[in-house]
Protein chains: 2
Amino acid sequence: MSEKKIPYKIYLSEDEMPRTWYNLRADMKNKPAPLLDPGTGKPMTAEQLEAVFCKELVAQELDNDTAHFEIPQEIRDFYKMYRPSPLVRAYCLEEKLQTPAKIYYKFEGNNTSGSHKLNSAIAQAYYAKCQGLKGVTTETGAGQWGTALSMACGYLGLDCRVFMVKCSYEQKPFRREVMKVYGSSVTPSPSETTNVGRKILAEFPGTTGSLGCAISEAVETAVSTPGYRYVLGSVLNQVMLHQSIIGMESKIAMDKYGVKPDVIIGCAGGGSNLGGLIAPFMGEKLRGEADYRFIAVEPASCPSFTRGKFAYDFCDTGMVCPLAKMYTLGSGFMPSADHAGGLRFHGMSSTLSQLYADGYMEAVSVNQTDVFAAAEDFARVEGILPAPESAHAILAAVNEAKRCRETGEEKTILFGLTGTGYFDLVAYEKYHNGEMKSVIPSDEDIARSLAQLPQVK
Amino acid sequence: MSEKKIPYKIYLSEDEMPRTWYNLRADMKNKPAPLLDPGTGKPMTAEQLEAVFCKELVAQELDNDTAHFEIPQEIRDFYKMYRPSPLVRAYCLEEKLQTPAKIYYKFEGNNTSGSHKLNSAIAQAYYAKCQGLKGVTTETGAGQWGTALSMACGYLGLDCRVFMVKCSYEQKPFRREVMKVYGSSVTPSPSETTNVGRKILAEFPGTTGSLGCAISEAVETAVSTPGYRYVLGSVLNQVMLHQSIIGMESKIAMDKYGVKPDVIIGCAGGGSNLGGLIAPFMGEKLRGEADYRFIAVEPASCPSFTRGKFAYDFCDTGMVCPLAKMYTLGSGFMPSADHAGGLRFHGMSSTLSQLYADGYMEAVSVNQTDVFAAAEDFARVEGILPAPESAHAILAAVNEAKRCRETGEEKTILFGLTGTGYFDLVAYEKYHNGEMKSVIPSDEDIARSLAQLPQVK
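Basis of the calculations
- Residues numbered from 1 in each chain as written.
- Chains lettered and ligands numbered in written order.
- Predicted model: local features only at pLDDT ≥ 70, side-chain atom pairs only at ≥ 80, totals over all residues.
- Heavy atoms only, no water.
- Helix = DSSP H or I, 4+ residues; strand = E, 2+ residues; numbered from the N terminus.
- Buried < 20%, exposed > 50% of the residue type's maximum accessible area, 1.4 Å probe, protein only.
- Arc of directions from axis to C-beta.
- Contact = heavy atoms within 4.5 Å.
- Salt bridge = Lys/Arg side-chain N within 4 Å of Asp/Glu carboxyl O.
- Disulfide = S-S within 2.5 Å.
- Pairing = 2+ DSSP bridges.
- Axes fitted to C-alpha atoms, helices over the stretch in contact; angles between N-to-C directions.
- Least-squares fit on C-alpha atoms with pLDDT ≥ 70 in both.

**Student:** What should I look at first to understand unusual backbone geometry in this one?
**Tutor:** What is expected of a backbone is that most residues other than glycine have negative phi and most peptide bonds are trans. Residue and element names in this part refer to chain A. Here the amide bond leading from R83 into P84 is cis, since omega sits at -5°, within 30 degrees of zero. Topologically, P84 is positioned in the loop between α3 (73–82) and β4 (87–89). With a phi angle near 50°, Q98 is a residue other than glycine that sits in the positive phi range. Along the chain, Q98 falls in the loop between α4 (91–97) and β5 (102–107).

**Student:** How should helix α17 (residues 425–432) of chain A be read in this particular structure?
**Tutor:** Listed as buried for α17 of chain A are L425, A427 and Y428 of chain A. Each buried residue of α17 of chain A lies within a common arc of 150° when the element is viewed along its axis, so the set occupies one face. Contact partners of the buried residues in α17 of chain A: α15 (368–382) of chain A together with α8 (173–181) of chain B.

**Student:** Even after reading the chapter, I still don't get the pattern of salt bridges, so can you show me in this structure?
**Tutor:** Oppositely charged side chains can form a pair if their charged atoms are brought close together. Under the criterion given, the structure shown has 52 salt bridges over all chains. Linking R287 of chain A and D27 of chain A is a salt bridge whose minimum nitrogen-to-oxygen distance equals 2.9 Å. Here D27 of chain A lies in the loop between β2 (20–22) and α1 (46–50) and R287 of chain A lies in the loop between α12 (272–286) and β11 (293–299), a separation of 260 residues in the sequence. Given a relative accessible area of 23%, D27 of chain A falls into the partly exposed group. A salt bridge links K80 of chain B to D77 of chain B, with the shortest nitrogen-to-oxygen separation between them at 3.4 Å. Pair noted here: K80 of chain B and D77 of chain B are both in helix α3 (residues 73–82), with a separation of 3 residues, about one helical turn. Comparing K80 of chain B with D77 of chain B shows no difference in burial state: the two are buried. Counted as one network, the salt bridges with shared partners bring together R293, E362, E400, R403 and K411 of chain A.

**Student:** Help me understand the state of the cysteines in this model?
**Tutor:** Should the sulfur atoms of two cysteines be covalently bonded, the bond is a disulfide. Under the definition given, this model contains 0 disulfides over all chains. The closest cysteine sulfur to the non-disulfide-bonded C92 of chain A is located on C153 of chain B, 16 Å from its own sulfur. Owing to a relative accessible area of 10%, C92 of chain A belongs among the buried residues under this scheme. You can see C130 of chain B has no disulfide; the closest cysteine sulfur is in C54 of chain B, sitting 9.4 Å from it.

**Student:** What should I look at first to understand the sheet that holds strand β1 (residues 9–10) of chain B in this one?
**Tutor:** Remark on secondary structure: sheet strands pair via backbone hydrogen bonds, oriented parallel or antiparallel. All names here are of chain B. Spatially, β1-β4-β5-β15-β10-β11-β14 is the arrangement adopted by the 7 strands of the open sheet, whose pairing is mixed. At either margin of the open sheet sits one strand with a lone partner, and together these are β1 and β14 (362–366). Two strands pair when backbone bridges link them, and strand β11 (residues 293–299) and β14 are joined in this way by 5 bridges, in the parallel orientation. The residue bridging E298 from the neighbouring strand is S365, located in β14. The strands touched by helix α11 (residues 237–256) within the sheet are β1, β4 (87–89), β5 (102–107) and β15 (412–417), with β5 carrying the most contacts at an inclination of about 140°.

**Student:** Help me out: how do you make sense of the relation of the copies chain A and chain B in this one?
**Tutor:** There are two copies of the chain, and a rotation about an axis plus a shift along that axis relates them. It takes a turn of 180° to lay chain A on chain B, together with a shift of 0.0 Å along the axis; the resulting RMSD is 0.0 Å. Classification of the inter-copy transformation places it as that of a two-fold axis. For chain A, the residue whose C-alpha comes nearest the rotation axis is N110 of chain A, separated from it by 3.1 Å. Comparing interface residues between copies, 100% of those in chain A also sit at the interface in chain B, which points to an isologous, same-surface contact.

Put into structure tokens, the structure is as follows:
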């Protein structure tokens with residue numbers, strides 16, 4: 001089909017917006033492996049999971065068969081406040097690169113949380129509310145997920161208790177304050193409010209916390225407080241499901257203009273954005289209806305796809321959560337302190353891991369200083385100051401477009417621009433001042449961490 | 001006309017976007033008074049102004065007759081990167097307020113500079129580039145205007161030298177870093193790089209600077225550096241002209257759905273946002289084609305419309321700029337140190353001042369703590385974290401909607417949401433911690449400052 005004249009930004013009308021989320025697992029021959037109970041080695045039952053998570057979300061988590069889930073009206077109304085997100089044709093970037101490639105990006109940063117995380121936050125808060133719960137607990141590192149969840153809970157009038165890694169709590173006061181604007185309580189972790197927090201504080205009095213510890217505190221608070229459940233912003237199947245809105249909007253917008261992407265690129269930490277962006281396209285590939293290349297981009301400092309192992313592992317450093325089969329660097333793996341952006345999770349979504357293992361996706365790792373250089377170039381030509389995470393995808397897209405310049409191929413590239421970098425300016429400053437390093441873990445570091453993988457019966 | 005079903009957000013298509021700026025002055029019977037040379041008391045000539053400002057911008061500044069200026073293609077292309085801005089129907093806010101009023105806001109915050117300032121920044125940078133200049137200079141306080149200009153110059157490859165009030169430079173490192181991402185040089189003011197800076201530093205060694213001083217340094221640098229001119233982000237007629245894009249898009253969007261606002265509300269500092277938002281509506285009122293109420297909202301701590309005097313005054317504290325006839329509190333007026341948001345300029349656009357003097361507009365002043373309360377309520381129901389400046393308009397719109405609840409009137413309210421508050425979280429934190437005061441200058445303070453108004457021959 002010949003292309004219609006493409007505007008700089010494609011916004012769907014409300015009528016064109018998706019009414020369902022798409023569950024990629026329904027079209028996978030090899031389903032993602034189930035979560036296992038670390039004690040028994042057996043698959044976690046719905047009942048076990050419902051002690052921690054909301055009932056409806058557990059049902060979504062375990063459903064490998066239903067392809068389409070209707071998006072409840074109340075969530076669709078909330079989506080209308082900040083969605084559809086624009087699908088942008090990067091005319092200025094193309095011109096700067098002098099490439100015959102056509103570059104598109106789906107921009108998820110136009111909301112106060114500054115990222116795509118809000119897509120799942122509102123869904124999870126909604127189901128918690130439907131269940132008659134009083135509130136939810138969660139952890140947050142840099143604060144993107146915590147902010148998104150705070151916005152969703154503020155809107156629905158649900159209590160929200162966020163455990164924020166102490167060093168971020170102190171170094172990122174802005175994120176903390178945004179959460180408070182939306183009415184959340186924000187507790188620096190480790191804290192005196194939980195058993196696990198008190199234990200860690202007794203053992204390591206001066207600790208500034210870790211994501212693993214914050215998860216443990218949030219889970220403990222959820223299971224020990226009547227009317228509360230725990231929610232998580234990435235990795236889980238349910239999160240991939242909610243994030244499919246990104247890919248579905250992208251596909252509807254591209255179809256409308258007769259555009260078919262050749263390559264689809266996303267940054268990958270736990271996989272929520274990548275999984276959402278590729279969902280409907282991957283569905284077509286799985287069903288043999290169309291072919292696309294998919295590229296996951298991860299930091300060289302935390303390379304779970306490219307240097308990790310496909311095995312069962314704990315989702316958290318504290319080893320209290322169920323085991324998931326995924327590409328992992330070992331739950332004890334910690335990216336270097338010089339690593340600036342997000343994407344620091346040791347593992348990867350089980351769904352994406354299975355697709356990668358089955359050869360449906362590629363993965364590349366990129367160096368941090370190159371990522372910031374790409375971010376800055378992008379900001380100057382396209383206007384948007386990207387989050388460092390998103391800039392991983394920018395760099396890979398730019399590299400792909402440069403290859404097209406060499407070969408003369410007119411490829412169509414779609415990448416996910418997950419968010420803005422307004423709260424990452426300390427990292428940008430480091431980059432400007434030449435203080436940023438690219439850090440690559442040694443083979444020994446990774447082997448040491450992988451040696452701790454749990455034995456699964 | 002009956003209303004069509006109104007979506008949450010109205011985005012114009014590229015074809016529907018305005019191709020001209022509208023010059024309100026063309027329809028004013030009483031034109032705004034001309035800028036005067038403070039030495040001679042005579043109107044500034046184009047030649048005099050061109051020593052400081054770009055030639056084409058001077059022509060726009062002095063033109064009281066041309067109603068429509070074509071927007072150059074290059075600027076329209078840049079606008080397409082972040083415009084059209086959404087016209088939002090505030091369904092959630094209406095429901096929260098249980099008001100029969102219909103509330104709309106034009107949201108200008110979806111770009112990295114975080115505000116409407118970019119609309120004029122790109123225009124001014126473009127004309128500087130057309131004139132073959134190497135670069136431009138400017139001052140910035142909190143950094144919104146400096147960021148916008150940096151983005152525009154980064155895009156056009158023009159050098160940009162920003163003098164940033166020293167206390168902001170130190171306290172708002174994030175804004176400073178954003179400007180650097182876009183390639184600007186940012187100098188804390190007062191600095192050793194100018195005569196006026198050195199003089200002030202010698203006189204007041206520990207000073208943390210002021211906007212007036214930064215203006216003086218920026219102007220001195222522009223006139224003493226070959227290939228440079230000075231640019232300004234508010235107050236001037238040319239800025240109102242560029243900002244008319246806000247009102248024109250709003251009007252096209254409303255016309256499309258058969259909606260006519262009864263009341264149009266904007267916050268007012270120097271007047272750039274308010275002047276832009278009301279432009280085409282005020283044009284209709286001036287030509288007798290339609291009637292609207294217009295409300296300027298200013299902080300009680302800097303009440304130029306409501307407590308100032310309509311007189312000739314200096315635009316800057318340093319008394320080096322030309323004299324403008326405007327509502328002013330005196331160029332020596334400084335809002336209390338407890339004043340948190342922007343809108344701290346002592347005067348007001350000459351165009352808006354004339355309209356206010358002629359009875360075409362109303363003005364109200366509001367207290368800072370009420371403004372932050374309205375901002376927080378708004379964030380929770382509409383999602384967007386507003387800039388404190390924008391929240392002045394929110395508060396006035398909410399008050400209007402509450403009156404409709406009392407009277408049962410189904411008024412249509414349009415207000416300008418100029419930007420986001422991501423870089424204003426120190427102020428939000430103060431508000432949360434109960435440390436924020438509402439500060440109202442005494443009659444004596446204002447009288448003392450007004451006593452210093454220049455004598456015009």
